[in-house]
Amino acid sequence: MRHERSIADVVCAALIEHLPLDEDRRAEHRVIRALAARALDNPRLAEVDVLAAEDTHARIARAIRNGFECGEVDPATDPDVAATRARAVVRAEIDTVFTGECGQYTRRPGT
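Cut-offs and rules
- Residues numbered from 1 in each chain as written.
- Predicted model: local features only at pLDDT ≥ 70, side-chain atom pairs only at ≥ 80, totals over all residues.
- Heavy atoms only, no water.
- Helix = DSSP H or I, 4+ residues; strand = E, 2+ residues; numbered from the N terminus.
- Expected span 1.5 Å × (residues − 1).
- Buried < 20%, exposed > 50% of the residue type's maximum accessible area, 1.4 Å probe, protein only.
- Arc of directions from axis to C-beta.
- Contact = heavy atoms within 4.5 Å.
- Polar contact = N/O pair within 3.5 Å; in protein donor to acceptor, adjacent residues only side chain to side chain.
- Salt bridge = Lys/Arg side-chain N within 4 Å of Asp/Glu carboxyl O.
- pLDDT = per-residue confidence, 0-100.
- Axes fitted to C-alpha atoms, helices over the stretch in contact; angles between N-to-C directions.
- Parallel < 35°, antiparallel > 145°, perpendicular 65-115°, else oblique.
- Left-handed = near helix turned anticlockwise from the far one by under 90°.
- Nonpolar A, V, L, I, M, F, W, Y, C, P; charged D, E, K, R; others polar.

> Help me understand helix α2 (residues 23-39) in this model?
Every α-helical turn comprises 3.6 residues, leaving residues that sit three or four positions apart pointing alike. Here α2 contains 17 residues, and its C-alpha end-to-end distance of 24 Å stays within 8% of the 24 Å for a straight helix at 1.5 Å per residue. Of all the positions in α2, only R25, A36 and A39 are classed as buried. The buried residues of α2 occupy an angular sector of 55° when projected down its axis, which confines them to one face. Buried residues belonging to α2 abut α1 (7-17) and α3 (43-70). Where α2 begins, one side-chain oxygen reaches toward the backbone nitrogen of D24, 3.3 Å away; that side chain belongs to D22.

Dropping the structure here:
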């Protein structure tokens, strides 16, 4: 079977899959966040959290290296730098939507 999707499309779809856009992914997101919170007090869970982040970075970098082979990515691109930039790009996009300052933790009760 031949796939007609670009590597860019596959990476985009994979990243979107991590967003809590439906009930199943919201449930997964809650579990992941709960584990991340527990990792603050549990060194073994913290290690798993770090390994998961490193794995995601490595997978993006590998996709970029694969992009060299098919011509989607400029060979001068550093895969590790580009994978790190992907996180910054997502953050920048989030910041265009969430432009205010969160007052949830600074408001006094009843205001």
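> Quick question: what am I supposed to make of the pattern of salt bridges here?
Proximity of charged atoms lets side chains of opposite charge pair with each other. Summed over all chains, the structure comprises 6 salt bridges. The salt bridge involving E23 is made with R26; its shortest N-O contact spans 3.5 Å. Placement of both E23 and R26 in helix α2 is noted, with a separation of 3 residues, approximately one turn of the helix. By relative accessible area, E23 is classed as partly exposed at 48%. Residue classification places R26 among the partly exposed positions, given a relative accessible area of 33%. Two residues, D95 and R91, come together in a salt bridge whose shortest N-O distance is 2.9 Å. Placement of the pair is D95 and R91 together in helix α4 (residues 79-97), with a separation of 4 residues, close to one helical turn. For D95, a relative accessible area of 37% translates into the label partly exposed.

> Would you mind going over the confidence of the model for the chain with me for this structure?
In low-pLDDT segments, the atomic positions of the prediction should not be examined closely. For the chain, per-residue confidence averages 87 on the pLDDT scale, and 92% of positions sit at 70 or higher. Across the chain, the secondary-structure element scoring lowest on mean pLDDT is α4, at 87, and the one scoring highest is α3, at 92.

> Teacher, can you tell me more about α3 here?
With 28 residues, α3 should reach 40 Å at 1.5 Å per residue; the first-to-last C-alpha distance of 41 Å fits that figure. Those residues of α3 not exposed but buried are I60, A61, A63, I64 and G67. Where α3 is buried, its residues meet α1 and α4. The N-terminus of α3 is capped by N42, whose side-chain oxygen sits 2.9 Å from the backbone nitrogen of R44. Phi for G71, located one or two positions after α3, is positive at around 90°.

> What should I look at first to understand the packing of α1 against α3 in this one?
Look at α1 against α3: their axes get within 10 Å of each other, and the N-to-C directions meet at 165°. Judged by the inter-axis angle, α1 sits roughly antiparallel to α3. The element α1 and its partner α3 pack so that their crossing is right-handed. Contacts between α1 and α3 involve I7, V11 and L15 from the former and I60, A63, N66, G67 and C70 from the latter. A class-by-class count of the residues in the contact of α1 with α3 yields 6 nonpolar, 2 polar and no charged.

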